[in-house]
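Structure assessment
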Amino acid sequence: MASLTLEPPPATDRKIAFREALREAMSEEMRSDPRIFLMGEEVAQYNGAYKVSQGMLDEFGPKRIIDAPISENGFAGLGIGAAMYGLRPIIEFMSWSFSLVAADQILNNAAKMLYMSGGQWGCPIVFRGNDGAGGQLGSTHSWSVEALYANVPGLKIAIPSNPYDAKGLLKTAIRDEDPVFFLESERMLGDTGLVPAGEYTVPFGQAALRREGDDCTLVSFGRPVNFCLEAADELANEDIHCDVLDMRTIRPLDVDSIVASIQKTGRIVVVDQSWPFAGIASEVIAQVCERCFDYLDHQPVRVTSDDVPTPYAKPLEQAYLPHKGKIVEAVKRVVGVE
Amino acid sequence: MTPAPNAKAAPRLSDTLPASTVTKWLRDMMLIREFELRTMAAYQQAKIGGFCHVYIGQEATAVGTIAAVNHDDPVITAYRDHGHALARGMSSRACMAEMYGKTTGCAKGKGGSMHMFDKPNHLYGGHGIVGAQTGLGVGLAFASRYEWEVLNKGSKKVCLCYLGDGALNQGVFHESLNLAGLYDAPVIYIVENNGYSMGTSIERGTTMAHDLSVKAAAYGIDFIEIDGMDVCTIYDRFKPFADDLRERQRPGFVDLKTYRYQGHSMSDPQKYRTKEEVADWQQRDSIDRLAHLLLHRSDEPRAAAIAPSPWHGSLSEDAYKQMQKEIREEVRDAIDFAEKSDSPDPAAELYTDVYANPQPNLSPLREYHHGAKNPLL
């Protein structure tokens, strides 16, 4: 069983933004492994649509930092073919919303190549980009793809909530032998956090305990982890104390840590920015019921996006997404405080 | 300029090859045909499951093009892939055992008819979704260029990426043509144009079907059209085309006019074409044509203006019959091997080859693990 100890803060006083942490991970790995190249829309001459790859063209040149035309299906396939050949591509989707037009390549070819070839060809590739709602981008540009893609065996899915993890997880993703979907958030790219300048990695499949409490287990991943921490602060003022578990990767899913926390708290709220039907929250709750049903003192509760297309209007979008207020309300419900 | 009536044209490229090379082409084509006939029989006996698309009629296209490139040039194709696998050097045993779903198959029984992979022979699959391999093809070519250009190793390669005429209309193919042109990726898209995407004739599904060169021109890519029913013509035309693209590291587009004698798959009533049309194409059978030349039979309708090759008539009737016998024995042995091989054990192999780096908690059901080594590796 996983030992649950509070994740210590990074041993540094150096603060950088999330986008810089991502860039640092890619640049460090590219310096040590010439097989790695970065391809995507506007990654080179434009310096990145969201400035993640700013300056990388200058350092690595146009053979390794490569602008792609708007052909997600085509350049996703190119990356997979290159990975089969022996390179280590990083393919940037400006938004994971645009990955839907590359679904055949990323779900059939990347995920299943090793199996279909009877172990002859794997696919060591990283697809990365912005996931989740941005600022009022409407229905087509606001996809949280984690639930859709986590259904497919053969993929790994990492989803950092802070700059430290962004760097450490991305380095692990680039070194992994399997296809990794790396989900960032446009809303977090400017967030700053403590990030060591040197070499470190964050392993897949090990959740971080961000806050300790005996009353309820809060489980989340990606951007909503930060809403959980805000909610936990507010709840602490009312003497309700939560374990906040940041999963860091969805596949693998560190269910051992969730179970260990529930054995202490007896209660769980899962916060998931994708839709409720067949979502990650559903999967977490199913696994919890399979693994530690007897420890539950209240039925599991999920906080997800609302079950509608993502709206444009600000008040509608705010009402639709998970936020601190919804999480506070859910935790109070499971601990029996109105 | 019109040549003088008695002038002999320059010898064709294939005429200059040793008899052993051309005889090997004949053998490869005959092997594919015999293999596919036995595949059909095995399918009808329900020994082979799923979808199964045989290559009968198209043998010259894989044999003639693969003969024109190096062994380490990457090759990738669609789901009508048994011929490419055999032409690339996969053993009949591994190919047949894969269709039988046995552990001795090229994909350990996990791929089936549509997914022939052979790493030692640089065959990057058999791909089931129409056009999906065209994206991978530009990636293989891109990576082969990156290898010598950035990693400073290896030599200039070309990737052969086969597709059927049905894939002409898939979006990913057009994206791949554009990317190949843009990045100078040395991929050669070889359209095995058998005239039908399942039951839809090319005229009903593809604009400008009578002149596919315009599609290549739209992306600034070199194009040739070749009679796909004559393996010598394929080699003669394709070899210099591929050599030039290899040297210049540019993409190409080949319209190989061929024909499948059988249905699209094993369950195709073929209402969309006439028996006469099939018979007309069979008159131009690639195996018959090459056998005629090698045996130097008098009824070969060859233009008198073309000089005879040293290998014409180099194959004796006895040697030809011996070759037929050996091929029948080889395929019979492959069937026998597939029959006798073990089926995969679900307890041991269901959860293997999903992840190259299996980790705990990737699935709520079971842990993934490494499986038995692939028999080809």
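As the structure is a computational prediction, the values presented were derived from the model and not from experiment. (Residues numbered from 1 in each chain as written. Chains lettered and ligands numbered in written order. Predicted model: local features only at pLDDT ≥ 70, side-chain atom pairs only at ≥ 80, totals over all residues. Heavy atoms only, no water.)

1. Considerations on helix 11 (residues 286-295) of chain B
Residue and element names in this part refer to chain B.
- In terms of residue burial, helix 11 counts as a mostly covered element, since eight of its 10 residues are buried.
- Structurally, helix 11 contributes buried residues whose contacts are with helix 1 (19-44), helix 2 (59-66), helix 9 (231-248) and helix 12 (317-340).
- A distance of 3.1 Å separates the backbone nitrogen of isoleucine 287 from a side-chain oxygen at the start of helix 11, and that oxygen is part of aspartate 285.
- Where helix 11 terminates, the next one or two residues include histidine 296, which has phi positive at roughly 55 degrees. (Buried < 20%, exposed > 50% of the residue type's maximum accessible area, 1.4 Å probe, protein only. Helix = DSSP H or I, 4+ residues; strand = E, 2+ residues; numbered from the N terminus. Contact = heavy atoms within 4.5 Å. Polar contact = N/O pair within 3.5 Å; in protein donor to acceptor, adjacent residues only side chain to side chain.)

2. As for the sheet that holds strand 2 (residues 123-126) of chain B
Residues and elements named next belong to chain B.
- Read from one edge of the open sheet, six strands run 2-1-3-4-8-7, paired in parallel fashion. Every other strand in the sheet has two partners, leaving strand 2 and strand 7 (222-227) as the edge strands with one partner each. Across the sheet, the axes of successive neighbouring strands diverge by a mean angle of 15 degrees, strand direction being ignored.
- With six bridges connecting them, strand 3 (residues 159-164) and strand 4 (residues 187-193) associate as parallel partners. Its bridge partner lying in strand 4, cysteine 159 is registered against valine 187.
- Sitting on the sheet, helix 2 touches strand 3, strand 4 and strand 8 (252-257), and the angle it makes with strand 3 is about 170 degrees. (Pairing = 2+ DSSP bridges. Axes fitted to C-alpha atoms, helices over the stretch in contact; angles between N-to-C directions.)

3. A few points about the domain arrangement of chain A
Residues and elements named next belong to chain A.
- Along its sequence, chain A is organised into domain 1 (16-194) and domain 2 (208-335).
- Between domain 1 and domain 2, the residue contacts involve 31 residues of the former and 26 residues of the latter.
- A buried area of about 2200 Å², summed over both sides, lies between domain 1 and domain 2, and 55% of it is on carbon and sulfur atoms.
- Looking at the side of domain 1 facing domain 2, the largest losses of area belong to Gln136, Ile159 and Ser161, adding up to 27% of the total buried there.
- Summed over the shared surface of domain 1 and domain 2, the result is two salt bridges.
- Of the charged contacts in the structure, one is a salt bridge between aspartate 165 and arginine 210, with a shortest N-O distance of 2.6 Å.
- Linking domain 1 to domain 2 there are 14 residue pairs in polar contact (both at pLDDT 80 or more).
- Listed by contribution, the elements that provide at least two residues to the side of domain 1 that touches domain 2 are helix 5 (146-150), strand 6 (156-158) and helix 6 (163-175). (Domains from an automatic or database assignment. Buried area = accessible area lost by both parts, 1.4 Å probe. Salt bridge = Lys/Arg side-chain N within 4 Å of Asp/Glu carboxyl O.)

4. Some remarks on the nonpolar core
- Counting residues in each nonpolar core, the largest one holds 88 residues, and the members touching the most others are Met39(A), Ile106(A), Phe127(A) and Phe181(A).
- A per-element tally of this core places helix 3 (residues 72-85) of chain A first, with eight residues.
- Residues in contact with Met39(A), not counting those within four places in the same chain, are Ile66(A), Ala68(A), Phe75(A), Leu78(A), Ile90(A), Ile91(A), Glu92(A), Phe142(B) and Tyr183(B).
- Counting residues in each nonpolar core, the second largest holds 65 residues, with Tyr100(B), Val231(B), Leu294(B) and Ile335(B) among its members. (Core = buried A, V, L, I, M, F, W, Y, C linked by side-chain atoms within 4.5 Å.)

5. Some points on the side chain of Ser92(B)
- Its location among the elements puts Ser92(B) in helix 4 (residues 92-99).
- Apart from the residues lying within four places of it in its own chain, the contact partners of Ser92(B) are Leu31(B), Phe35(B), Leu86(B), Glu330(B) and Ala334(B).

6. Some words on the pairing of strand 11 (residues 242-246) of chain A
Residues and elements named next belong to chain A.
- The element strand 11 is extensively covered by neighbouring structure, given that five of its five residues are classed as buried.
- Side chains Cys242, Val244 and Asp246 project from strand 11 onto one buried face, and the interleaved Asp243 and Leu245 project onto a second face that is buried too.
- Where strand 9 (residues 208-211) lies against strand 11, three bridges are found, and the strand directions are antiparallel. Across the sheet, alanine 208 pairs through a bridge with aspartate 246, a residue of strand 11.

7. What about the sheet that holds strand 4 (residues 88-95) of chain A?
Residue and element names in this part refer to chain A.
- Spatially, seven strands are ordered 3-2-4-5-7-6-12 in an open sheet, and the strand pairing comes out mixed. The open sheet has two edge strands with one neighbour each: strand 3 (65-67) and strand 12 (249-251). Averaged over all pairs of adjacent strands, the angle between strand axes in this sheet comes to 20 degrees, irrespective of strand direction.
- Looking at chain direction, strand 6 and strand 12 are connected through two bridges and run antiparallel. When the sheet's bridge partners are listed, isoleucine 157 is paired in strand 12 with arginine 251.
- Of the strands in this sheet, strand 2 (36-40), strand 4 and strand 5 (126-130) are in contact with helix 3, which crosses strand 4 at around 165 degrees.
- Contacts from helix 6 reach strand 2, strand 4, strand 5, strand 7 (180-184) and strand 12, with the element oriented near 160 degrees to strand 7.

8. Some thoughts on the packing of aromatic side chains
- For the structure on display, the rule yields 23 aromatic pairs over all chains.
- With 6.2 Å between their ring centres and 35 degrees between their planes, Phe142(B) and Tyr146(B) make a pair best called tilted. Residue Phe142(B) and its partner Tyr146(B) are both found in helix 5 (residues 132-149); the two are separated by four residues, about one turn of the helix. Neither Phe142(B) nor Tyr146(B) differs from the other in exposure class; each is buried.
- Through a chain of ring-to-ring contacts, the aromatic side chains of Phe75(A), Phe93(A), Trp96(A), Phe127(A), Tyr149(A) and Phe181(A) assemble into a single cluster. (Phe/Tyr/Trp six-rings, centres within 6.5 Å; stacked < 30°, edge-to-face > 60°.)

9. What about helix 4 of chain B?
Residues and elements named next belong to chain B.
- With seven of eight residues buried, helix 4 lies mostly within the body of the structure.
- Buried residues of helix 4: Ser92, Ala94, Cys95, Met96, Ala97, Glu98 and Met99, and no others.
- Where helix 4 is buried, its residues meet helix 1, helix 3 (82-88) and helix 12.
- Immediately downstream of helix 4, the backbone of glycine 101 shows phi near 70 degrees, a positive value.

10. A closer look at the interface of chain A and chain B
- The interface is formed by 54 residues belonging to chain A together with 54 residues belonging to chain B.
- In total, chain A and chain B occlude about 4300 Å² of area from one another, counting both sides; carbon and sulfur atoms represent 62% of this.
- Sorting the residues of chain A by area buried against chain B places Tyr85(A), Tyr115(A) and Gln120(A) first, and these three jointly supply 20% of that buried surface.
- Where chain A touches chain B, the interface holds one salt bridge.
- When the shortest N-O distance is used, the salt bridge between Glu149(B) and Lys63(A) registers 3.2 Å.
- Counting across the interface, chain A meets chain B through 30 residue pairs in polar contact (both at pLDDT 80 or more).
- Sorting the residues of the side of chain A that touches chain B by element identifies strand 2, strand 3, helix 3, helix 4 (103-116), helix 8 (255-265) and helix 9 (280-292) of chain A as the ones contributing at least two each.
- Considering every element that reaches the side of chain A that touches chain B, the biggest residue donor is helix 3 of chain A, with 11 residues.

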